[in-house]
Amino acid sequence: MSQPLQISAETAIKLSEQLKVPIEHLMHMPRHILLQKMAELAAAAPAKPENGEPEQP
């Protein structure tokens, strides 16, 4: 049986909301599945410049 993920409570709450899964499911989700879902979220999110400046058209 897998161990619960080692993430903070704040991180678990945010991921649970973004992934639309109960926290209990998130905490016992296999790491590779969680990483895949996080990658899907990142790909779907609009790209933000790292330096804080607005994107140039």
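To be clear, the structure that these remarks concern was listed above.
About the thresholds
- Residues numbered from 1 in each chain as written.
- Predicted model: local features only at pLDDT ≥ 70, side-chain atom pairs only at ≥ 80, totals over all residues.
- Heavy atoms only, no water.
- Axes fitted to C-alpha atoms, helices over the stretch in contact; angles between N-to-C directions.
- Helix = DSSP H or I, 4+ residues; strand = E, 2+ residues; numbered from the N terminus.
- Parallel < 35°, antiparallel > 145°, perpendicular 65-115°, else oblique.
- Left-handed = near helix turned anticlockwise from the far one by under 90°.
- Contact = heavy atoms within 4.5 Å.
- Nonpolar A, V, L, I, M, F, W, Y, C, P; charged D, E, K, R; others polar.

**Q** Is there a simple way to explain the packing of helix α1 (residues 9–19) against helix α3 (residues 31–44) in this structure?
**A** Helix-helix packing: each pair is described by the crossing angle between the helix axes and the interaxial distance. One way to put it is that α1 packs onto α3 with a least axis distance of 11 Å and a crossing angle of 65 degrees. By the criterion of interaxial angle, the relationship of α1 to α3 is roughly perpendicular. Once α1 is placed against α3, the crossing between them reads as left-handed. On α3, the residues touching Leu 15, Gln 18 and Leu 19 of α1 are Leu 34, Lys 37, Met 38 and Leu 41. Residue composition of the contact of α1 with α3, by class: 5 nonpolar, 1 polar and 1 charged.

**Q** What is the right way to read unusual backbone geometry from this model?
**A** Trans is the prevailing form of peptide bonds, just as negative phi is the prevailing case for residues other than glycine. Non-glycine residue Lys 20 carries a positive phi angle of around 60 degrees. Along the chain, Lys 20 falls in the loop between α1 and α2 (23–27).

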